[in-house]
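Structure assessment
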Amino acid sequence: MSEAPSPAAHDGRPREHAPASSRKPRTSPQIPSLPKARLAFLLLAGVALLAGLDASLVRLGALAPIASTSLGTVHGLLMIYGFLGTAICLERAVALQSDGRRAWAYVAPLLTGVGAVSAIVISLNEGARGALTSLPIPRFLAAHLSGFAPERMMPGFLITLGMAALSAIYCYVWTHRQATHAVLIQLIGALIGLGGILLWWRGLETPRAVPWWLAFLIVTIVGERVELARLAFASGSTERRITAESATLMVGLTVALYSPALGYPLIGLSLALLMADTAWHDVARGTVRMSGLPRLAAVCMLSGYAWALVPALMWIVAPPAFDGYGYDAGVHAITIGFVVSMLLAHAPVIIPAVARREVPYHVAMWVPFAFLQVSLALRLLAGARKAAYPWRLGGTLGVVGVLLFVATTLTVTIRRARAASRESRIIDEADSPSAVPASSGGTGVR
């Protein structure tokens, strides 16, 4: 059987073998090295996450690995500023470094991460808490400022500096790179976060400061959605309107400090408008009809917008609650329903940018999403009926769901990295000199 002629033989001349030295070897895809410095920041966020989840179990009255009531008091601080705040600061620092070395931006995740670790140490170590209380500055402030808590001094100071650095990052981006509505919205979010930690540091009761913490995450995520899906939000006055709604939310937070009865309905109304407006123009309404990762991300985002409407409606029609099941429902409808759902949707985008590792789609990613949705629904319904055991069960399942999300994401990421490493090694072995047949040389006549 004769071989089919190659395109090179179509000119009628005899075919010759090219020497081995003239062959172009295949090049294996370059696998970027792990950014170890960035992983150190992620480690700080991970410590805050694990401690925050433990504190969540303590607050639920469930079985916790470390049953410390002091740790339970900083649950929100650890989750919002220690875990999510550090992740946001790190992602912004990495983005800023893309156009040159801007090492100063990494001060933001370092300060928020170390601030969270200091809160953990102070909560768990009585000696450290006593030593901090006896220092001259905390003692002086406690004597002259009513409500000031000396144990908040160290974490409050560090996280405040971290949030100020995050605000500086957005100001730098606005003045040097892109003066867009997306950046302005995220700057508003950072300023809200700065105000929230200052209020907590000053000694405001945590439930009164929590709306600022929640708004920090909400406005920041909305700004990132406007940035990532800019074409969808660029029509007409959409960007300007979303910016105004974010600013109105900030005004509502300020009013609520002096008059909760007036401020909370304003917060709820501005939040409802912001969520409805953003969801209506988000590309998720179209990509939900696709398959694979686009559908998963779209479902996560749309469910997040829907969950955020729950506290918005509560704050409009009901008196503000600072404890009990109503307070719990409002806080966790945003943190788990909105924020964690958005985190599930954006993890395949954020992790490659920060850790230089691809997060491939896998059907198993639907499991933590469904787990978190069911657990949150159980928690809110049980809270509405004041059923303590199902409420505690829903909260505990929520903790398991977050851990399941982390485990699933790490598993698919590590598997993809190992598969890429194997493919690279196979290509390199195939193109090594020992794998190339020796050339006969000359004219090829034996």
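See above for the structure.
Predicted, not measured: the structure shown is a model, and the values here were computed from it.

1. Some words on the overall build of the chain
A count of helices and strands for the chain gives 17 helices and zero strands. Across the chain, contacts joining residues at least 24 apart in sequence account for 74% of those joining residues at least 6 apart. Split by element, the accessible area of the chain, about 21,900 Å² in all, is 66% carbon and sulfur.

2. Let's talk about the layout of surface pockets
Estimated volume of the largest pocket: approximately 1,000 Å³. Around the largest pocket, the lining is made up of 35 residues, and of these Leu 42, Phe 83, Ala 87, Ile 351 and Thr 409 lie nearest the centre. Mapped onto the lining of the largest pocket, the elements with two or more residues apiece are helix 1 (36–60), helix 3 (75–97), helix 9 (206–228), helix 15 (324–355) and helix 17 (388–430). With nine residues, helix 15 is the single largest residue contributor to the lining of the largest pocket.

3. What to know about the packing of aromatic side chains
Enumeration over the complete set of coordinates arrives at ten aromatic pairs. Both rings, one in Tyr 264 and one in Phe 322, keep their centres 5.8 Å apart while their planes meet at 80°; by these two values the pair is edge-to-face. A residue pair is termed long-range when its members are at least 10 positions apart, and Tyr 264 in helix 12 (residues 260–281) and Phe 322 in the loop between helix 14 (293–317) and helix 15 qualify at 58 residues. According to the relative accessible area criterion, Phe 322 is partly exposed, its value standing at 27%. Here a set of aromatic residues connected by ring pairs shows up, and it is made of Tyr 81, Trp 213 and Phe 216. Note that Arg 285 overlies the ring of Trp 280, its terminal NZ or CZ placed 3.9 Å from the centroid.

4. Comments concerning the packing of helix 9 against helix 12
As a packed pair, helix 9 and helix 12 sit with axes 12 Å apart at the nearest point and diverge in direction by 20°. With respect to helix 12, the element helix 9 is oriented roughly parallel. In this structure, the crossing between helix 9 and helix 12 has a hand that is left-handed. Touching Pro 207, Arg 208, Pro 211, Ile 218 and Val 222 of helix 9 are Pro 260, Tyr 264, Leu 271, Leu 274, Met 275 and Thr 278, all from helix 12.

5. Notes on helix 15
The terminal C-alpha atoms of helix 15, which comprises 32 residues, lie only 40 Å apart, well short of the 46 Å expected from a rise of 1.5 Å per residue. Residue His 346 marks the point of greatest curvature in helix 15, where the axis turns by about 60°; the proline Pro 348 follows within four residues. Remark: Arg 356 follows helix 15 within two positions and exhibits a positive phi of approximately 60°.

6. Re the packing of helix 3 against helix 7 (residues 153–176)
It is at 11 Å that the axes of helix 3 and helix 7 come closest, and there the two elements cross at 30°. With respect to the hand of their crossing, helix 3 and helix 7 are arranged in left-handed fashion. On the side of helix 3, the interface is formed by Leu 77, Tyr 81, Ile 88, Cys 89, Arg 92, Ala 93 and Leu 96, while helix 7 contributes Pro 155, Ile 159, Gly 162, Met 163, Leu 166, Ile 169, Tyr 170, Tyr 172 and Val 173. Residues belonging to the contact of helix 3 with helix 7 are distributed by class as follows: 14 nonpolar, one polar and one charged.

7. Details of empty space enclosed by the protein
This structure, assessed with the given rule, holds four cavities of 30 Å³ or more. Along its surface, the largest cavity is lined by Leu 296, Leu 344, Ala 347, Pro 348, Val 359, Met 365, Pro 368, Phe 405, Thr 408 and Thr 409. Put simply, the parts of the chain that give the lining of the largest cavity at least two residues each are helix 15 and helix 17. Per-class residue counts for the lining of the largest cavity are eight nonpolar, two polar and no charged.

8. With respect to helix 3
Taking 1.5 Å per residue, 23 residues should reach 33 Å; helix 3 reaches 32 Å between its end C-alpha atoms and fits that length. Along helix 3, the sharpest kink reaches roughly 35°, centred on Gly 85.

9. Some details on a positive patch on the surface
A cluster of basic side chains, namely Arg 415, Arg 418, Arg 422 and Arg 425, defines a positive patch on the protein surface. Along the chain, the position of Arg 415 falls in helix 17.

10. A short note on the side chain of Asp 328
For Asp 328, the location among the structural elements is in helix 15. Residue classification places Asp 328 among the buried positions, given a relative accessible area of 9%. Setting aside chain neighbours within four positions, we find Asp 328 in contact with Arg 379 and Trp 391.

11. Here we look at a nonpolar patch on the surface
Together, Leu 269, Leu 273, Leu 309, Leu 313, Ile 316 and Val 317 line one region of the surface with nonpolar side chains, adding up to about 540 Å² of accessible area. Of all the elements in the fold, those that place two or more residues in the nonpolar patch are helix 12 and helix 14. Relative to the assigned elements, Leu 313 resides in helix 14.

12. Focus: the nonpolar core
Residues Leu 77, Tyr 81, Trp 213, Phe 216, Met 275 and Phe 338 are the most contacted members of the largest nonpolar core, which totals 114 residues. Residue contributions to this core peak at 14 residues, all from helix 15. Once residues within four sequence positions are removed from consideration, Phe 338 is found in contact with Ile 218, Ile 221, Met 275, Gly 304, Tyr 305, Trp 307, Ala 308 and Ala 333. Core analysis: the second largest hydrophobic core is formed by five residues, Ile 122, Leu 132, Met 153 and Trp 201 among them.

Rules and cut-offs
- Residues numbered from 1 in each chain as written.
- Predicted model: local features only at pLDDT ≥ 70, side-chain atom pairs only at ≥ 80, totals over all residues.
- Heavy atoms only, no water.
- Helix = DSSP H or I, 4+ residues; strand = E, 2+ residues; numbered from the N terminus.
- Contact = heavy atoms within 4.5 Å.
- Areas by Shrake-Rupley, 256 points an atom, 1.4 Å probe, with all protein chains shown as cover.
- 1 Å grid on protein atoms, 1.4 Å probe; cavity = no way out; pocket = protein on both sides within 12 Å on 5 of 7 lines; lining within 4 Å.
- Points joined across faces, edges and corners; volume = space filled by probe spheres on them.
- Phe/Tyr/Trp six-rings, centres within 6.5 Å; stacked < 30°, edge-to-face > 60°.
- Buried < 20%, exposed > 50% of the residue type's maximum accessible area, 1.4 Å probe, protein only.
- Lys NZ or Arg CZ within 6 Å of the ring centre and 35° of its normal.
- Axes fitted to C-alpha atoms, helices over the stretch in contact; angles between N-to-C directions.
- Parallel < 35°, antiparallel > 145°, perpendicular 65-115°, else oblique.
- Left-handed = near helix turned anticlockwise from the far one by under 90°.
- Expected span 1.5 Å × (residues − 1).
- Bend = angle between axes of the 7 residues up to and from the residue.
- Nonpolar A, V, L, I, M, F, W, Y, C, P; charged D, E, K, R; others polar.
- Patch = residues over 30% accessible without salt bridge, like charges linked within 9 Å, V, L, I, M, F, W, Y side chains within 5 Å.
- Salt bridge = Lys/Arg side-chain N within 4 Å of Asp/Glu carboxyl O.
- Lys, Arg positive; Asp, Glu negative; His and termini not counted.
- Charge placed at Lys NZ, Arg CZ, Asp CG, Glu CD.
- Core = buried A, V, L, I, M, F, W, Y, C linked by side-chain atoms within 4.5 Å.

So, to be careful, I would describe these as geometric facts and stop short of saying anything about function.
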